[in-house]
Amino acid sequence: MGKTARNPAGHSPVVPKTTVAKGPLALDRLIHERLRLGIVSALAANERLTFNELKRLLQTTDGNLSVHARKLEEANYVACEKTFAGRVPRSVYRLTASGRRALDKYLAHMEAIIQAMK
Amino acid sequence: MMPRLHEHAAENLQFIRETMARAANFTAVPGLGGVAMGVLALAATIVAGPPRATSAWLGVWLATAGLAAATGFIAILWKARRHHLPIRGPVVRRFALALVPALVVGIVLTAVFVRHGLFAQLPGCWLLCYGAAISSGGAFSVRPVPFMGAAFMVLGALAFVAPTEWGHFFMAVGFGALHISFGIVIARNYGG
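The structure contained in this document is the topic of the report that follows.

Scoring rules and cut-offs
Residues numbered from 1 in each chain as written. Chains lettered and ligands numbered in written order. Predicted model: local features only at pLDDT ≥ 70, side-chain atom pairs only at ≥ 80, totals over all residues. Heavy atoms only, no water. Helix = DSSP H or I, 4+ residues; strand = E, 2+ residues; numbered from the N terminus. Buried < 20%, exposed > 50% of the residue type's maximum accessible area, 1.4 Å probe, protein only. Contact = heavy atoms within 4.5 Å. Areas by Shrake-Rupley, 256 points an atom, 1.4 Å probe, with all protein chains shown as cover. 1 Å grid on protein atoms, 1.4 Å probe; cavity = no way out; pocket = protein on both sides within 12 Å on 5 of 7 lines; lining within 4 Å. Points joined across faces, edges and corners; volume = space filled by probe spheres on them. Nonpolar A, V, L, I, M, F, W, Y, C, P; charged D, E, K, R; others polar. Pairing = 2+ DSSP bridges. Patch = residues over 30% accessible without salt bridge, like charges linked within 9 Å, V, L, I, M, F, W, Y side chains within 5 Å. Salt bridge = Lys/Arg side-chain N within 4 Å of Asp/Glu carboxyl O. Phe/Tyr/Trp six-rings, centres within 6.5 Å; stacked < 30°, edge-to-face > 60°. Expected span 1.5 Å × (residues − 1). Arc of directions from axis to C-beta. Core = buried A, V, L, I, M, F, W, Y, C linked by side-chain atoms within 4.5 Å.

Describing the overall build of chain A
Secondary structure assignment for chain A yields five helices and three strands. Sorting the 118 residues of chain A into buried and exposed places 47% on the buried side. Pairs at least 24 apart in sequence give 50% of the contacts found in chain A among residues at least 6 apart. For chain A, the computed accessible surface area is about 6400 Å², with 53% contributed by carbon and sulfur atoms.

Shown next, in the form of structure tokens:
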């Protein structure tokens, strides 16, 4: 009963699994994971961020960031533009309209939980 | 269980807020541009020499300031273009709004000091005002920038208490060496 849900990446527990309900305020599991939430939040504040900037900002590894960024890309929450700086490939990420909507919805969900407890 | 749910929601909101605040930095601050500005300042120090109450001495530094500002601006545009960074929007606006007031104070004080013949006090005034501008703007930029601003301010304060004939040394150390050394750090660690 008292146990909280732990995400697959083993990051800190966030909300109990039992709260993941269906409906208008259903929790978006895709951005609920801590690193993916970080990517989406960072891109909400900064129009474009490179892979290295995100890595530095979120203090994570290449592999971890790559996996989670790809999941967000597949969901069309972020868009990635591949360019070259000289001979070095560079990935530049930005938040899509559906990614921003997902973050807004997630924020509303968290605020609703806080309000419900008051 | 319910209080924990509330705590976790608050913790998530806090995480989002902190991540957004960290991400909303002006990262197009030019390291190589800073190096170029430093080289210009060293050249100006050699040409202008110790502070003198002449229009030639003032003219050299004002011309250098204009040239350095243009260099810095072009370097920002170049870096932003190269890294696909925004040069408009709230992040840049916040950086500029933090940077500009102390620069305006510096311009006004320069006019006042010149009017009263306080040429020897100008190095301290310029270093302090520029340092204040960089410190403020640096709060919204990459980590070395506010430290560079603080170093300028320390030099400015020292310039006011040191013998006035040392003014050009402070200018060389501040606008020259500090720009070059922090420029190299920024260029190496923050993409140019």
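Examining the layout of surface pockets
Estimated volume of the largest pocket: approximately 1100 Å³. Lining the largest pocket we find 41 residues, and of these Met37(B), Ala69(B), Leu99(B), Leu103(B) and Tyr130(B) sit closest to its centre. Among the elements of the structure, helix H2 (31-48), helix H3 (55-83), helix H4 (90-115), helix H5 (122-138), helix H6 (144-161) and helix H7 (167-189) of chain B are those that each provide at least two residues to the lining of the largest pocket. Considered class by class, the residues forming the lining of the largest pocket number 34 nonpolar, seven polar and no charged. Looking at the second largest pocket, its volume works out to about 800 Å³. Surrounding the second largest pocket, 30 residues form its lining, Asn52(A), Glu53(A), Arg56(A), Leu57(A) and Tyr190(B) being those nearest its centre. Going through the elements one at a time, strand E1 (49-50), helix H3 (51-58), strand E2 (78-85) and strand E3 (88-95) of chain A together with helix H1 (2-23) and H3 of chain B are the ones with two or more residues in the lining of the second largest pocket. Among the elements that make up the lining of the second largest pocket, the one with the highest residue count is H3(A) (five residues). Looking at the lining of the second largest pocket residue by residue, the classes come out as eleven nonpolar, twelve polar and seven charged.

With respect to the sheet that holds E3(A)
Residue and element names in this part refer to chain A. Across the sheet, three strands lie side by side as E1-E3-E2; this open sheet has antiparallel pairing. Edge positions in the sheet fall to E1 and E2, since each has one partner strand and no second. One ladder, built from eight bridges, connects E2 with E3; its direction is antiparallel. The residue bridging alanine 85 from the neighbouring strand is valine 88, located in E3.

Details of a nonpolar patch on the surface
Taken together, the side chains of Val100(B), Val104(B), Val105(B), Val108(B), Leu109(B) and Val112(B) define a hydrophobic patch exposed on the protein surface, amounting to about 430 Å² of accessible area. Tracing the sequence through the fold places Leu109(B) in helix H4.

Examining the packing of aromatic side chains
Residue and element names in this part refer to chain B. Within this structure, the stated rule accounts for four aromatic pairs over all chains. Relative to tryptophan 126, the ring of tryptophan 57 has its centre 5.9 Å away and its plane inclined at 10°; by these criteria the two rings are stacked. Of the two residues, tryptophan 57 is situated in helix H3 and tryptophan 126 in helix H5; the sequence distance between them amounts to 69 residues. Both residues of the pair, tryptophan 57 and tryptophan 126, count as buried. Note on tyrosine 130 and phenylalanine 175: the rings are 5.3 Å apart at their centroids and 55° apart in plane angle, and the pair reads as tilted.

Notes on helix H4 (residues 62-74) of chain A
Residue and element names in this part refer to chain A. Given a rise of 1.5 Å per residue, 13 residues ought to cover 18 Å, and the 18 Å separating the end C-alpha atoms of H4 matches this to within 8%. Taken together, the buried positions of H4 are Leu65, His68, Ala69 and Leu72. End-on view of H4: buried residues confined to an arc of 105°, all on one side of the axis. On the buried face of H4, the contacting elements are helix H1 (29-32), helix H2 (34-45), H3, E2 and E3. Once H4 ends, the next one or two residues include asparagine 76, with phi positive near 65°.

Things to note about the side chain of Thr60(A)
Relative to the elements of secondary structure, Thr60(A) occurs in the loop between H3 and H4. Overall, Thr60(A) belongs to the buried group, its relative accessible area being 16%.

Observations regarding the environment of Leu97(B)
Checked against the element boundaries, Leu97(B) lands in helix H4. A C-alpha to C-alpha distance of 9.0 Å links Leu97(B) and Ser136(B), two positions 39 residues apart in sequence.

Here's the deal with unusual backbone geometry
Residues and elements named next belong to chain A. The phi dihedral of glutamine 59 falls on the positive side, at around 50°, and the residue is not glycine. Locating glutamine 59 in the fold gives a position in the loop between H3 and H4. For glutamine 59, a relative accessible area of 72% puts it in the exposed group. Notably, asparagine 76 is not glycine yet its phi reads approximately 65°, a positive angle. Positionally, asparagine 76 belongs in the loop between H4 and E2.

Concerning the pattern of salt bridges
Applying the stated rule across the entire model yields three salt bridges over all chains. Among the ionic pairs, Arg34(A) bridges to Glu11(B), the shortest N-O distance being 3.4 Å. Of this pair, Arg34(A) sits in helix H2 while Glu11(B) sits in helix H1, on two different chains. We classify Glu11(B) as partly exposed; its relative accessible area is 34%. Of the charged contacts in the structure, one is a salt bridge between Asp62(A) and Lys55(A), with a shortest N-O distance of 2.7 Å.

Some thoughts on the nonpolar core
With 75 residues, the main nonpolar core has Ile39(A), Leu54(A), Trp57(B), Trp61(B), Trp126(B) and Phe175(B) as its most contacted residues. The contact partners of Ile39(A), leaving out residues within four places of it in the chain, are Leu54(A), Leu58(A), Leu65(A), His68(A), Ala69(A), Leu72(A) and Val78(A).

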